[in-house]
Amino acid sequence: MDIRQAMTTLDYNRAPFLAIWETTQACDLSCKHCRASAQPLAHPSQLNTGEAMNLIDQIADLQVPLFVFTGGDPLKRPDIFELIRHAAGKGVHAALTPSGTPLLTRDAIFRMKDSGLSRLAVSLDGSVPEIHDSIRGIPGTWERTVQAIQWANEAGIPIQVHTTISRHNAHDLDGLCALFEKLAIVMWNVFFLVPVGRGQLGDLLSGEEFEQVFGKIYELSHRVNFQIKTTEAMHYRRYLLQHNLEEKRMGHGHPHATPHEYEAGAPQADAQTRTAGWATRRVNDGKGFLFVSHMGNVYPSGFLPIHAGNIRETPLADIYRNAPIFKALRNTSRLEGKCGACEYKEICGGSRARAYALTGDPLAQEPCCIYQPKNWVPLAEEECACVGPKEFAETLVTL
């Protein structure tokens, strides 16, 4: 299935748009925000080569448009090139997210290309080594990652860069974009912190700070030469639509889709804003998205650790289509608080992972969204969703 066509035609009740497999939890870095709390050695019960190939076969049968080998560090698996080749042979459009370690060599990148990898996704959390290396926990990681991007360009593999936004680097967005324009990337994927694993609540931006970052991303998207998408910031879609409609009312730029067209899944023909096509896909945790752990456990997201089944026991399609947590997350009528009342809930829905991390309820309202839906009068206990993380935590204690 063509990826752009899948944005609007794929039935998320039947198959995900994006599936991520945590190939291993082994990794030689110690990143501050690592959701997996990865360790140097692989777990003895991780999926073996045969089980991994069976998973890839199921991904192919589901016709999932995008599949990602992640970790930990996928390069810690000796069979990773064989698995990339198997995916390519099945027609699976696969990407891989290696860690910036000595394993990420020029030879390894060219072997990925020869094996049929469609895209390489690396992480850069700062425009300078001092920021990135302090987050990743190992000196020299920034330099290795930049070198890997240059090797990928040489090999002809499209490069996507991931940045996790937190209090450590939210000030560095302009610097990051300036660096990326020199490195010839095709996409910048801006992750917004979910406090799981080693991710700390104190590093999470407040709702007001989310809006400030949204504004910066929106500004940058008008002048950079690569696409920008967001992860675990579903309410950026609301921000984007609000500003597109405001520009339309003021007669600036090109006409954009109406809220109704967004809800219907209409394609977004916006040449002006490079975030649009990716930002309005309506994917959310468990809704067009699934995550398979290194041991075969299936979750709505790597950031939402609610176990839905295991591929060693149940086919992946059955888990995605029928597991109660997946079905609940795809039903927007079950959203609580202001997310349930919001006129943007069909294109947004809030981060279910962040709601779960901060409240213990995956259907609770997005904790880091300041938008007040029309005709919404918040109850006293719901007002805590619009404050900073420290105040939010204190509010939870007192409720």
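These numbers were taken from a predicted model, which means no experiment stands behind them.

Peer 1: What is the right way to look at the packing of aromatic side chains in this model?
Peer 2: Aromatic ring pairs are reported here in terms of the distance separating the ring centres and the angle at which the planes meet. With the rule as written, the count across this model stands at 14 aromatic pairs. Ring geometry for Phe67 against Phe69: centres 5.1 Å apart, planes inclined by 70°, an arrangement best described as edge-to-face. Taken individually, Phe67 and Phe69 each receive the classification buried, so the pair is uniform in this respect. Measuring from centroid to centroid gives 6.2 Å for Tyr218 and Tyr239, while their planes differ by 75°, and the two rings are edge-to-face.

Peer 1: Would you explain the sheet that holds strand S2 (residues 66-70) in this entry?
Peer 2: Taken together, 10 strands build an open sheet; the order of strands is S7-S6-S5-S4-S3-S2-S1-S8-S9-S10 and the sheet is mixed. In this open sheet, the two edge strands, each paired with only one partner strand, are strand S7 (227-231) and strand S10 (309-310).

Peer 1: Help me out: how do you make sense of the pairing of S7 in this one?
Peer 2: For a regular strand, the rule is simple: side chains alternate between the two faces of the sheet. The element S7 is extensively covered by neighbouring structure, given that four of its five residues are classed as buried. Of the pairings in the sheet, the one linking strand S6 (residues 187-192) to S7 comprises five bridges and is parallel in character. When the sheet's bridge partners are listed, Phe191 is paired in S7 with Thr231.

Peer 1: Would you mind showing me how to read the environment of Thr314 here?
Peer 2: Along the chain, the position of Thr314 falls in the loop between S10 and helix H12 (316-322). Judged by its relative accessible area of 28%, Thr314 falls in the partly exposed class. Between the alpha carbons of Thr314 and Val298 there is a distance of 10.0 Å; along the sequence they are 16 residues apart.

Peer 1: I'm lost on the nonpolar core in this one. Help?
Peer 2: One broad rule of soluble globular proteins: the nonpolar side chains tend to lie buried together. Of all hydrophobic cores here, the largest spans 103 residues; its most connected members are Phe69, Met112, Leu120 and Trp188. Per element, the largest residue contribution to this core is seven residues, and it comes from helix H2 (residues 49-62). Residues within four places of Leu120 in sequence aside, it is in contact with Leu96, Pro98, Ile109, Met112, Ala152, Ile157, Pro158, Ile159 and Gln160. With nine residues, the next largest nonpolar core counts Met234, Leu241, Cys348 and Tyr371 among its residues.

Peer 1: Honestly, the environment of Arg238 in this entry has me stumped. Any pointers?
Peer 2: By the element assignment, Arg238 lies in helix H9 (residues 235-249). In this structure the C-alpha to C-alpha distance between Arg238 and Lys345, which are 107 residues apart in sequence, comes to 8.8 Å.

Peer 1: What is the right way to look at helix H4 (residues 106-115) in this model?
Peer 2: Since one α-helical turn is 3.6 residues long, residues separated by three or four positions face the same way. Restricting attention to buried positions, one finds in H4 the residues Ala108, Ile109, Met112 and Ser115. Taken around the axis of H4, the buried residues stretch over an arc of 125°, which confines them to a single face. Facing away from the buried side of H4 by more than 90 degrees, the exposed set consists of Asp107 and Asp114. Next to the buried residues of H4 lie helix H3 (80-89), strand S3 (94-96), strand S4 (119-123) and helix H6 (141-155). Where H4 terminates, the next one or two residues include Gly116, which has phi positive at roughly 105°.

Peer 1: What is the right way to look at helix H5 (residues 129-136) in this model?
Peer 2: Listed in full, the buried residues belonging to H5 are Ile131, His132, Asp133, Ile135 and Arg136. On its buried face, H5 sits against S4 and H6. Directly after H5, the chain includes Gly137, whose backbone phi takes a positive value near 90°.

Peer 1: Would you take a moment to explain the pattern of salt bridges for this structure?
Peer 2: Once the charged atoms of two side chains with opposite charge are near each other, the side chains can pair. One pass over the full model with this rule turns up 13 salt bridges. Linking Arg77 and Asp79 is a salt bridge whose minimum nitrogen-to-oxygen distance equals 2.9 Å. Judged by its relative accessible area of 9%, Asp79 is buried. Between Asp174 and Lys216 there is a salt bridge, with the nearest N and O atoms lying 3.0 Å from each other. Of this pair, Asp174 sits in helix H7 (residues 173-183) while Lys216 is found in helix H8 (residues 207-221), placing the two residues 42 residues apart along the sequence.

Peer 1: Sorry if this is basic, but what is going on with the confidence of the model for the protein here?
Peer 2: Should the pLDDT be low somewhere, the predicted coordinates at that spot are not to be read in detail. Mean pLDDT over the protein works out to 86, with 83% of the residues at or above the 70 mark. Scored below 50 in pLDDT, residues 254-280 shows 70 contacts in the model against residues more than four places distant or in partner chains. Considering only residues more than four positions removed or in separate chains, one finds that residues 381-399, a stretch of pLDDT under 50, has 33 contacts.

Peer 1: Please clarify how unusual backbone geometry should be interpreted in this entry.
Peer 2: What is expected of a backbone is that most residues other than glycine have negative phi and most peptide bonds are trans. The amide bond that connects Gly71 to the next residue, Gly72, takes the cis arrangement and shows omega of 15°. Inspection of the secondary structure assignment puts Gly72 in the loop between S2 and H3. Backbone geometry places Gln63, a non-glycine residue, at a positive phi of 55°. Among the structural elements, Gln63 can be located in the loop between H2 and S2. Of note in this structure, Ala184 is not a glycine but carries a positive phi near 60°. Residue placement: Ala184 occurs in the loop between H7 and S6.

Here is what the cut-offs are and how they apply
Residues numbered from 1 in each chain as written. Predicted model: local features only at pLDDT ≥ 70, side-chain atom pairs only at ≥ 80, totals over all residues. Heavy atoms only, no water. Phe/Tyr/Trp six-rings, centres within 6.5 Å; stacked < 30°, edge-to-face > 60°. Buried < 20%, exposed > 50% of the residue type's maximum accessible area, 1.4 Å probe, protein only. Pairing = 2+ DSSP bridges. Helix = DSSP H or I, 4+ residues; strand = E, 2+ residues; numbered from the N terminus. Core = buried A, V, L, I, M, F, W, Y, C linked by side-chain atoms within 4.5 Å. Contact = heavy atoms within 4.5 Å. Arc of directions from axis to C-beta. Salt bridge = Lys/Arg side-chain N within 4 Å of Asp/Glu carboxyl O. pLDDT = per-residue confidence, 0-100.

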